[in-house]
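# Summary of structural features
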Amino acid sequence: MSSVTLTGVSKAYGSVTALQPLDLEIREGEFLSLLGPSGCGKTTTLRIVAGFVEPTTGHVAIGGRDVTHTPPQKRNIGMVFQDYALFPHMTVADNIGFGLRERRVSRAQEQARVRELLDLIHLPQIADRFPSEISGGQAQRVALARAVAYTPAVLLLDEPLGALDLKMREAMQAEIRRIQQELGITALYVTHDQTEAMSMSDRIAVMKDGVMAQIGTAQEIYDSPSSRFVAGFVGQINLAEGTFLGGDAGQAVAEIAGLRLRGTAAGTPNVGAPVTMAIRPEAIVLTSACTQTGAQDNVLDGTIKAIGFAGNLARVEVEGAGISLIVELRPAELRHARGEAVRAVWPAARTRFLTE
Amino acid sequence: MTARWHLLLIVPFVVVFALTAASQFVFIERSLYEQRSFGRVGTELTLINYANFLTDRFYLNILWNTVKVSALATFFTLLLTFPLAYVIARMRSRWASVLIAGVVVSTFVTIVIKVFGLRIIFSSNGAVNRMLISLGITDRPYTIIGTEEGVVIGLMHFTIGFGVLILYSVVQTIPRSLEFAAQVHGASRLRTFWRVILPISLPGLVAAALMIFNMCMGAFTSAALLGGGRVLTLPVLIQRTVMMETKFAFGGALAAILLVCVIAINLLSIFILTRMVSGRRKVLA
């Protein structure tokens, strides 16, 4: 249970830069996800923390101790791999006890701890089976038990749920989170799946092209994305181009498609700079045309172009003033038909103006 | 309609059978008649040729020597090739394929040429002896011709390429992540090798060992050229018996004994391995 600090860590392979200089702190007991598309540098970052990859520049510290040049086996970490990486020639019990034996724990203590862990993952009956004789979900739990057997300083998880089907993935998300919190272990989780990152993490670091684009809680990332990339990568969002007009009464104002819209700006854009307005589909409500609205609201008058149903959601496309917005609402709230004139209203507080 | 085309397979079967089994059969059948002088054989079925072999210290010594040099060559070949195969299998640059190509090419260069290379390197004013003398390790040139070490080196020269190729494919089947997992959970490189890589590659190692051992037991050229007439192995003895002394019946007996020994040693090894593995379950098989 320790914090992890990366200071100015970068990695280059020849002339190819896999990771730009990165500063990142994972707090004690925190569950932090590195989220991004493949090739964004998230796996490289994880491997640098694990010690499989030596950073080109910068320092790695675990629990305040500089481990930049410490080999993996001396870093006291646990790790769960995408392909489980269970030892095929050992039983489940021996797999879980692997790290304990390397730490010269007595045989009796090892057996007691392995039993405890098998109970923790709710699989006491598979102790004597071999990895080839258990299911993918069971294998991943065993891999998790192996990684936390000796209570490591940090738990690293490298897309551990990628090989599981959707249902098993959801069950395992809760399982991993429960075990991480029960043991209070600092965890670094790598994934390209934004729902996974959102549902499990204390904080998320979104990465792109070897750069950390934004770091914050799931809520912060979702509500206040700092760039178009983050906005588009995490959930659905409407984007529209325009020009920044400046501040007014603590709010940012921009002109988008001839409309004067209020919101909050990411950073401090110059007056006249091009900005992109970003608004989540579920933040917009549809009312009848010409309904009175509050001064704090943004308004677009348009017509409904299309309506799609996705079970629990209705997705409505509204077009007006040369832009089109996707609006998500519950089917019961839908009171308009295709082709009808409507007024789309959304609060300034949820409107973002992005410059990059 | 039954598949009549199966009948067509009889033709290649007969050809293959004639080329492999028939010649062996002729030899073994011949070995059951008494060997007389000037290449003549007796007319009654007898095991006298086998009895002559098994009661003569000279022949038994040759059999023992053959097993010994083969086992030594096998052991050292594996010892040398496993690290090499491991490094090539784990390389991620394109040099890996260059190295493998190099191994393949040198493996299929005829052994005669390779042995002459060895003879030049180890000749009295060759590279090895000049180095040994200039370092003061020895004052007389050391020769590998006609020594057991020489034969072992010659056999290794013959089998090393095959060893690298077999073990390369063995190491490739071990996912890299298993090594990462061992290391990250506290095992040093040495412990990772001992607890993970070695046990997982054990069946492949045994298969490679048996194949290399069998090649050594039957190797003629390197044993003949480096034995120099002073170190005799069974294949060399068979060649002399048949070609120089025209004793076909006795030569047949020698060949049969070699065959039985090799099969027995192989079966025994497989038996021991399966016993070892069944102690830890069938997963490795």
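Residues numbered from 1 in each chain as written. Chains lettered and ligands numbered in written order. Predicted model: local features only at pLDDT ≥ 70, side-chain atom pairs only at ≥ 80, totals over all residues. Heavy atoms only, no water.

## A short note on the pairing of strand 3 (residues 31-35) of chain A
Residue and element names in this part refer to chain A. Among the five residues of strand 3, five are classified as buried, and the element is accordingly described as predominantly covered. The side-chain alternation of strand 3 yields two buried faces, one formed by F31, S33 and L35 and the other by L32 and L34. Strand direction decides the pairing type here: strand 3 and strand 9 (residues 203-208), joined by four bridges, are parallel. What sits directly across from L32, in strand 9, is R203. (Buried < 20%, exposed > 50% of the residue type's maximum accessible area, 1.4 Å probe, protein only. Helix = DSSP H or I, 4+ residues; strand = E, 2+ residues; numbered from the N terminus. Pairing = 2+ DSSP bridges.)

## As for a nonpolar patch on the surface
Residue and element names in this part refer to chain B. Taken together, the side chains of F27, I28, F248, L259, I263 and L267 define a hydrophobic patch exposed on the protein surface, amounting to about 500 Å² of accessible area. Only helix 1 (10-30) and helix 12 (248-278) provide two or more residues apiece to the nonpolar patch. Ranked by the residues each element gives to the nonpolar patch, the list is headed by helix 12, at four residues. The exposure class of L267 is exposed, given its relative accessible area of 54%. (Patch = residues over 30% accessible without salt bridge, like charges linked within 9 Å, V, L, I, M, F, W, Y side chains within 5 Å. Areas by Shrake-Rupley, 256 points an atom, 1.4 Å probe, with all protein chains shown as cover. Salt bridge = Lys/Arg side-chain N within 4 Å of Asp/Glu carboxyl O.)

## Some details on the sheet that holds strand 9 of chain A
All names here are of chain A. Strand order in the open sheet made by the six strands is 6-7-8-3-9-10, with mixed pairing throughout. Bordering the open sheet on either side are strand 6 (77-80) and strand 10 (211-216), each of which pairs with just one other strand. Strand-to-strand, the axes of this sheet are offset by a mean angle of 20 degrees, without reference to chain direction. Of the strand pairs in this sheet, strand 7 (residues 154-158) and strand 8 (residues 186-191) are connected by five bridges, and their pairing is parallel. Considered in strand 8, the bridge of D158 is made with V190. Against the sheet, helix 5 (residues 136-148) touches strand 6 and strand 7, its axis set at about 170 degrees to strand 6. (Axes fitted to C-alpha atoms, helices over the stretch in contact; angles between N-to-C directions. Contact = heavy atoms within 4.5 Å.)

## Side note on the interface of chain A and chain B
With 27 residues of chain A at the contact, the number on the chain B side is 23 residues. When the two sides are added together, the surface that chain A and chain B hide from each other amounts to roughly 2200 Å², 63% of it contributed by carbon and sulfur. Area buried by chain A at its contact with chain B is led by A:Q73, A:H89 and A:E102, which between them contribute 29% of it. At the surface where chain A touches chain B, the tally comes to two salt bridges. Close ionic contact of A:E102 with B:R195 constitutes a salt bridge, the shortest N to O distance being 2.8 Å. Seen at the junction of chain A and chain B, the total is eight residue pairs in polar contact (both at pLDDT 80 or more). Elements with a minimum of two residues in the side of chain A that touches chain B: helix 1 (42-50), strand 6, helix 3 (98-102) and helix 5 of chain A. At four residues, the largest contribution of residues to the side of chain A that touches chain B is made by helix 3 of chain A. (Buried area = accessible area lost by both parts, 1.4 Å probe. Polar contact = N/O pair within 3.5 Å; in protein donor to acceptor, adjacent residues only side chain to side chain.)

## As for the pairing of strand 17 (residues 314-320) of chain A
Residue and element names in this part refer to chain A. In strand 17, alternate side chains face the same way, and those of A314, V316, V318 and G320 are buried while those of R315, E317 and E319 on the opposite face are not. Across six bridges, the pairing between strand 16 (residues 297-309) and strand 17 is antiparallel. When the sheet's bridge partners are listed, A306 is paired in strand 17 with E317. Connecting the antiparallel pair strand 16 and strand 17 is a turn made up of four residues, with G311 showing a positive phi of about 70 degrees. Summarising the sheet, strand 17 and strand 18 (residues 323-329) pair through seven bridges and their orientation is antiparallel. In the sheet register, V318 faces strand 18, and the bridge partner there is L325.

## Overview of the sheet that holds strand 14 (residues 274-279) of chain A
Residue and element names in this part refer to chain A. Taken in spatial order, the five strands line up as 11-12-13-20-14 and close into a barrel, and their pairing is mixed. On average, adjacent strands in this sheet sit at an angle of 55 degrees to one another, irrespective of strand direction. In the sheet, strand 14 pairs with strand 20 (residues 352-354) via three bridges, with the strands oriented antiparallel. Residue pairing across strands places A278 opposite R352, the latter belonging to strand 20.

## Brief notes about the pattern of salt bridges
All names here are of chain A. A complete count under the given rule lists 22 salt bridges over all chains for this structure. In this structure, E175 engages R178 in a salt bridge whose closest nitrogen and oxygen atoms are separated by 3.3 Å. You can see E175 and its partner R178 sitting in helix 6 (residues 166-183), three residues apart, about one turn around the helix. In this structure E175 comes out as buried when scored by relative accessible area, which is 9%. The class of R178 is partly exposed, set by a relative accessible area of 26%. One salt bridge connects E282 with R350, and the closest N-O pair in it is separated by 3.7 Å. Placement of the pair is E282 in the loop between strand 14 and strand 15 (285-288) and R350 in the loop between strand 19 (341-347) and strand 20, with a sequence separation of 68 residues. Here E282 falls in the partly exposed class, since its relative accessible area comes to 32%. Several salt bridges share partner residues, and in doing so they unite D94, R101, R107 and E110 into one network.

## Some points on unusual backbone geometry
Here the phi dihedral of A:E159 falls at roughly 40 degrees; this positive angle occurs in a residue that is not glycine. Structurally, A:E159 is set in the loop between strand 7 and helix 6.

## Here's the deal with helix 5 of chain A
With 13 residues, helix 5 of chain A extends 19 Å between its outermost C-alpha atoms, agreeing within 8% with the 18 Å of an ideal straight helix rising 1.5 Å per residue. Summarising the contacts, the buried residues of helix 5 of chain A are in contact with strand 6, helix 2 (92-96), helix 4 (107-120), strand 7 and helix 6 of chain A together with helix 8 (176-184) of chain B. (Expected span 1.5 Å × (residues − 1).)

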